[in-house]
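# A structural walkthrough
Next come the chains, spelled out residue by residue.
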Amino acid sequence: MEVTGFIGNYVKVTTERKTGKDDRVYILERVYMRSGVSVVAVTLEKKFRLVQELSYWDDQTRRVKPVTGWINNHEEPLACAKRELEEELGLKAERWDLFLKHESHGSIQKKQYYFLAYELTQTQAHPEGLEQIQGFQDFTANEIKEMALAGRFGTSESGYAMLKLGLSY
């Protein structure tokens, strides 16, 4: 039986005792992450708009990344993507495509939805919490591919998603 050791806003950690074929007892540890979204806005010029922000995780490092956010309880992934795009970049989109859904299983369990947003309209950005949005930058597909190959997108799942995006255009 799984025993919960910690529950936070975005993470739940559990352990479970299992007996192996060798009759030894093993402790399985699992981390359940709240599901999230990543959004890349596509401009009329077919460039990919990424957020420039200061990271509050690692000493204010400036980074360029897709719009991202955690999905709230009972919120649909697309609704979260729309909310996050408006919060971080002040954009609304008329057309949306889910270009990748990544599910992690095993020790770390999480779902991440990757959206492309098209036919953009500028509104007012309103970053929340610790977000420190510095602006945005538009990139070609080749630039996205090169950034992904250089490891500029953090996690392997985000790097894979951005590489797939860069190769598909």
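Everything that follows concerns the structure shown earlier in this document.
I will try to describe carefully the structure that is included in this document. Because the structure is predicted, anything quoted here is derived from the model rather than measured.

### Quick notes on the environment of Lys92
Within the element layout of this structure, Lys92 appears in strand 8 (residues 91-104). Given a relative accessible area of 43%, Lys92 falls into the partly exposed group. C-alpha of Lys92 to C-alpha of Leu120: the two residues are 28 residues apart in sequence and 5.6 Å apart in space. Not counting residues up to four positions away in its chain, the partners in contact with Lys92 are Glu86, Glu119, Leu120, Thr121 and Thr123.

### Some points on helix 2 (residues 141-149)
Along helix 2, the residues classified as buried are Ala141, Ile144, Met147 and Ala148. Taken down its axis, helix 2 places every buried residue within 125° of arc, on the same side. Where helix 2 terminates, the next one or two residues include Gly151, which has phi positive at roughly 75°.

### Considerations on the nonpolar core
Residues Leu50 and Met162 are the most contacted members of the largest nonpolar core, which totals 19 residues. No other element matches helix 2, which puts four residues into this core. Ignoring anything within four residues of it in the chain, the contact list for Leu50 reads Val40, Val64, Lys65, Pro66, Gly135, Phe136, Gln137, Phe139, Ile144, Met147, Phe153 and Met162. In this structure, Ala41, Trp96, Tyr113 and Ala117 belong to the second largest nonpolar core, which totals 16 residues.

### So, the pattern of salt bridges
Summed over all chains, the structure comprises 16 salt bridges. Glu16 is the salt-bridge partner of Lys18, the closest N and O atoms lying 3.6 Å from each other. Taking the relative accessible area as the measure of exposure, Glu16 reaches 12% and is therefore buried. With its nearest N and O atoms 4.0 Å apart, the salt bridge here joins Lys110 to Glu157. Of the two residues, Lys110 is situated in strand 9 (residues 108-122) and Glu157 in helix 3 (residues 156-168); the sequence distance between them amounts to 47 residues. In terms of burial, Lys110 and Glu157 fall into one category: buried. Because the salt bridges share partners, they merge into one network encompassing Glu2, Glu16, Lys18 and Arg30.

### Description of the side chain of Ser104
Here Ser104 is to be found in strand 8. Here Ser104 is in contact with Gln109, Lys110 and Glu157, once residues within four sequence places are set aside.

### Overview of the packing of helix 2 against helix 3
Contact pair helix 2 / helix 3: the axes reach a minimum separation of 8 Å and the direction vectors enclose 150°. Considering their axes alone, helix 2 and helix 3 lie roughly antiparallel with respect to each other. Helix 2 and helix 3 meet at a crossing whose hand is left-handed. The segment helix 2 lies against helix 3, with Ala141, Ile144, Lys145, Ala148 and Leu149 engaging Gly159, Met162, Leu163, Gly166 and Leu167. Tallied by class, the residues present in the contact of helix 2 with helix 3 amount to seven nonpolar, two polar and one charged.

### Details of the environment of Arg63
Note on placement: Arg63 falls in strand 6 (residues 62-65). Remark: the alpha-carbon pair of Arg63 and Ala141, spanning 78 residues in sequence, is separated by 18 Å. Reaching out from Arg63, the side chain makes a polar contact with the side chain of Glu53 at a distance of 2.8 Å.

Analysis parameters
Residues numbered from 1 in each chain as written. Predicted model: local features only at pLDDT ≥ 70, side-chain atom pairs only at ≥ 80, totals over all residues. Heavy atoms only, no water. Helix = DSSP H or I, 4+ residues; strand = E, 2+ residues; numbered from the N terminus. Buried < 20%, exposed > 50% of the residue type's maximum accessible area, 1.4 Å probe, protein only. Contact = heavy atoms within 4.5 Å. Arc of directions from axis to C-beta. Core = buried A, V, L, I, M, F, W, Y, C linked by side-chain atoms within 4.5 Å. Salt bridge = Lys/Arg side-chain N within 4 Å of Asp/Glu carboxyl O. Axes fitted to C-alpha atoms, helices over the stretch in contact; angles between N-to-C directions. Parallel < 35°, antiparallel > 145°, perpendicular 65-115°, else oblique. Left-handed = near helix turned anticlockwise from the far one by under 90°. Nonpolar A, V, L, I, M, F, W, Y, C, P; charged D, E, K, R; others polar. Polar contact = N/O pair within 3.5 Å; in protein donor to acceptor, adjacent residues only side chain to side chain.

These figures capture arrangement, not role.
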